[in-house]
Amino acid sequence: MTDRIKISIVYIITALFILLNTYLVVKKEYYWGIFIPLAIMLILLYVFHFEKAFYLAVLSTPLAVNVGNYDLGISISLPSEPLLIGILLVFALKVIIEGYPDKKILRHPVSIVIFISLIWMFITSCTSVRPIVSFKYFAARLWFVIPMFYLGAFLFRDVKKARSFGWAYVIPLIIVIAITTFEHKQYGFSEKAGHWVMQPFYNDHTAYGAILSLFIPLLVGYIFDKSSSVRIRIFASIAAAILFMALYLSFSRAAWVSCALAAAILILIVLRIKFKWIAITVVGIFAIFFTFKFEILDKLEKNKQDSSANVIEHIQSISNISSDASNLERINRWQSALRMYHERPLFGWGPGTYQFEYAPFQSSREKTIISTNLGDLGNAHSEYIGPLAETGFPGLLIVLAIMITAIYTGLKVYRDAPDRRVRLLSLSVTLGLITYYIHGIMNNFLDTDKASVPFWGFVAILVALDVYHCRNAKNTDDKQSSSGAPQLQEPSSGE
């Protein structure tokens, strides 16, 4: 086919599209025709450049906007979730036809626990009091977990791609920070405005703060990676400074605490404090609390400091359980969730059902000025108590199992990996996950793309580093080579 014929075909297709779209808009008032070229481009991207579609979904997540109809119970984050759904369908088709790329990932303890979590979520969706709500929640979990974890873990066998994942989220996040900061400036950087100026990209300052604290350890790790170029390390320093600034202006107390505790844990890791001493300390703290809990609660109830633009006062308000509406409402939600758990302890009420079912379980003496019976102001505000109410005690155990196996994997790679760059990346990602797990005591966001994409991506990075770059994994591969067993080519960890 000559170039002239090719150009003529392009002109003919373009003219036909313009005529068709003009007819749809003028005669039928249908406007969806303008998305036809975009849909064709995405299909071609999925078919010929599947990996780029993965990173496109990550890039779009911070800038995605949630749209929907609350009355119909339908909402979706555009454009990230449609992109993730497309990746899920294409990847599932590839696995059905060709099989999963590497069974070592599927046999990893973290992968097994995640698979069990999906099975249990399906079971509890079947027993749910609102099956439609639960199966929609389960479907969303599938298009978060399968692309980000099961596909990501295979892609991240190359350390360069794992690092690119972090940049793919951080760069658009910086754009969101710039827009948020400019909007915040219009209100004099007030504490109250800091709760909502990040909309429509993030629901509120708690979700915004959780993501900022999740990525700060990763960027700090990039700064100290001596194998990277000076240009990249300087850019990482600038990006980290921007995120620290945004974290301060978020006025998210839980995010501040999670970063501080992650820094304390980093000190323990670097000083190689033995785990038994850490465990003894934690047990001792809990023992002291339960021994003197009435005295401690009495002291906390005397704290009248509400949230404030003053940093010291804002930190002091964390322990205010007498007048701070935000703290009191969390207690109200937790108590409601525990009452729901006691009524359905094994299977729970069903994934995603808490916000529709908790109202009757509220106690009048625990309600606050921001309490509602409409189920339109969020969930249980905990990554642990929420699953307890929705998926029963087994659901809570599974959440804890994912947390423990992921952190253990990260620390194991940090200890055993022969490559310093791999150890540093593992430590950074592990600390990032720790900030989220600490933050998860006060809030839960894994039902959103904003948190699920980086969270499951971080877990995938740790599994990939363990499978492909840890000393034990390399020893296993050497044994397989000597016995003639097939193996994947070890990717370079260089950039």
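Check the entry above for the structure.
Quick caveat, the model's predicted, so the values are computed rather than measured. (Residues numbered from 1 in each chain as written. Predicted model: local features only at pLDDT ≥ 70, side-chain atom pairs only at ≥ 80, totals over all residues. Heavy atoms only, no water.)

### Digging into the side chain of Ser426
Item 1. Here Ser426 lies in helix 18 (residues 420-439).
Item 2. Exposure remark for Ser426: the relative accessible area of 0% places this residue in the buried category.
Item 3. In contact with Ser426, other than residues within four places in its own chain, are Gly410, Val413, Tyr414, Leu462 and Leu465. (Helix = DSSP H or I, 4+ residues; strand = E, 2+ residues; numbered from the N terminus. Buried < 20%, exposed > 50% of the residue type's maximum accessible area, 1.4 Å probe, protein only. Contact = heavy atoms within 4.5 Å.)

### Things to note about a nonpolar patch on the surface
Item 1. A cluster of nonpolar side chains, contributed by Phe115, Ile119, Phe122, Ile123, Phe135, Leu346 and Phe347, occupies part of the molecular surface with about 590 Å² of accessible area.
Item 2. With four residues, helix 6 (residues 109-126) is the single largest residue contributor to the nonpolar patch.
Item 3. Inspection of the secondary structure assignment puts Phe115 in helix 6. (Patch = residues over 30% accessible without salt bridge, like charges linked within 9 Å, V, L, I, M, F, W, Y side chains within 5 Å. Areas by Shrake-Rupley, 256 points an atom, 1.4 Å probe, with all protein chains shown as cover. Salt bridge = Lys/Arg side-chain N within 4 Å of Asp/Glu carboxyl O.)

### Observations regarding the environment of Ala92
Item 1. Following the sequence through the fold, Ala92 ends up in helix 4 (residues 80-98).
Item 2. A relative accessible area of 33% places Ala92 in the partly exposed class.
Item 3. Remark: the alpha-carbon pair of Ala92 and Leu151, spanning 59 residues in sequence, is separated by 9.9 Å.

### Describing the packing of aromatic side chains
Each aromatic ring pair is characterised by the separation of its centres together with the angle its planes make.
Item 1. Throughout the structure, instances matching the rule amount to 23 aromatic pairs.
Item 2. Judged by centre distance (4.9 Å) and plane angle (90°), the ring pair of Phe455 and Trp456 falls under edge-to-face.
Item 3. A residue is classified by how much of its surface remains accessible, and Trp456, at 3% relative accessible area, is buried.
Item 4. Here the aromatic cluster, defined as three or more aromatic residues joined through ring pairs, consists of Phe54, Tyr55, Phe156, Phe165, Tyr169, Phe215 and Phe458.
Item 5. The ring of Phe154 carries Arg157 above its face, with NZ or CZ at 4.0 Å from the centroid.
Item 6. The ring of Tyr222 carries the charged tip of Arg163 above its face, separated from the ring centre by 4.4 Å. (Phe/Tyr/Trp six-rings, centres within 6.5 Å; stacked < 30°, edge-to-face > 60°. Lys NZ or Arg CZ within 6 Å of the ring centre and 35° of its normal.)

### Some details on helix 19 (residues 449-469)
Because an α-helix packs 3.6 residues into every turn, residues spaced three or four apart end up facing the same way.
Item 1. Under the 1.5 Å per step criterion, the end-to-end length of helix 19 is 29 Å for 21 residues, consistent within 8% with the ideal 30 Å.
Item 2. Of all 21 residues making up helix 19, 21 are buried, and the element is well covered by its neighbours. (Expected span 1.5 Å × (residues − 1).)

### Description of the nonpolar core
Item 1. The biggest cluster of nonpolar side chains holds 112 residues, and the ones touching the most others in it are Phe54, Phe149, Phe156 and Phe165.
Item 2. Element by element, the count of residues in this core is highest for helix 19, at 14 residues.
Item 3. In terms of nonpolar packing, the next biggest core, distinct from the first, is built from ten residues, Trp349, Tyr358, Phe361 and Ala380 among them. (Core = buried A, V, L, I, M, F, W, Y, C linked by side-chain atoms within 4.5 Å.)

### As for the packing of helix 3 (residues 50-60) against helix 7 (residues 131-155)
Item 1. In the contact formed by helix 3 and helix 7, the axes pass within 12 Å of each other and the chain directions differ by 125°. As far as their axial angle goes, helix 7 and helix 3 are oblique. You can see that helix 3 and helix 7 cross each other, and the crossing is left-handed. Together, Phe50, Glu51, Phe54 and Val58 of helix 3 and Pro147, Met148, Leu151, Gly152 and Leu155 of helix 7 make up the contact between the two elements.
Item 2. When grouped by side-chain class, the residues that make up the contact of helix 3 with helix 7 number seven nonpolar, one polar and one charged. (Axes fitted to C-alpha atoms, helices over the stretch in contact; angles between N-to-C directions. Parallel < 35°, antiparallel > 145°, perpendicular 65-115°, else oblique. Left-handed = near helix turned anticlockwise from the far one by under 90°. Nonpolar A, V, L, I, M, F, W, Y, C, P; charged D, E, K, R; others polar.)

### Concerning unusual backbone geometry
Item 1. The residue after Leu78, namely Pro79, is reached through a cis peptide bond having omega 5°.
Item 2. Here Pro79 shows up in the loop between strand 2 (74-78) and helix 4.
Item 3. The omega torsion of the bond from Gln199 to Pro200 falls at 10°, within 30 degrees of zero and hence cis.
Item 4. Tracing the backbone shows Pro200 in the loop between helix 8 (159-185) and helix 9 (205-223).
Item 5. Unusually for a residue other than glycine, Phe189 sits at a positive phi of about 55°.

### So, the pattern of salt bridges
Item 1. Within this structure, the stated rule accounts for seven salt bridges.
Item 2. As a salt-bridge pair, Lys412 and Asp466 come within 2.6 Å of each other at their nearest N and O atoms. Of the two residues, Lys412 sits in helix 17 (residues 385-416) while Asp466 sits in helix 19, which places them 54 residues apart along the sequence. With respect to class, Lys412 is no different from Asp466; both count as buried.
Item 3. The salt bridge involving Arg415 is made with Asp416; its shortest N-O contact spans 2.8 Å.
Item 4. Of the residues examined, Arg415 reaches a relative accessible area of 53% and is grouped as exposed.

### Considerations on the side chain of Ser258
Item 1. Along the chain, Ser258 turns up in helix 11 (residues 253-270).
Item 2. Owing to a relative accessible area of 0%, Ser258 belongs among the buried residues under this scheme.

Without other data, these values stay purely geometric and don't point to any function.
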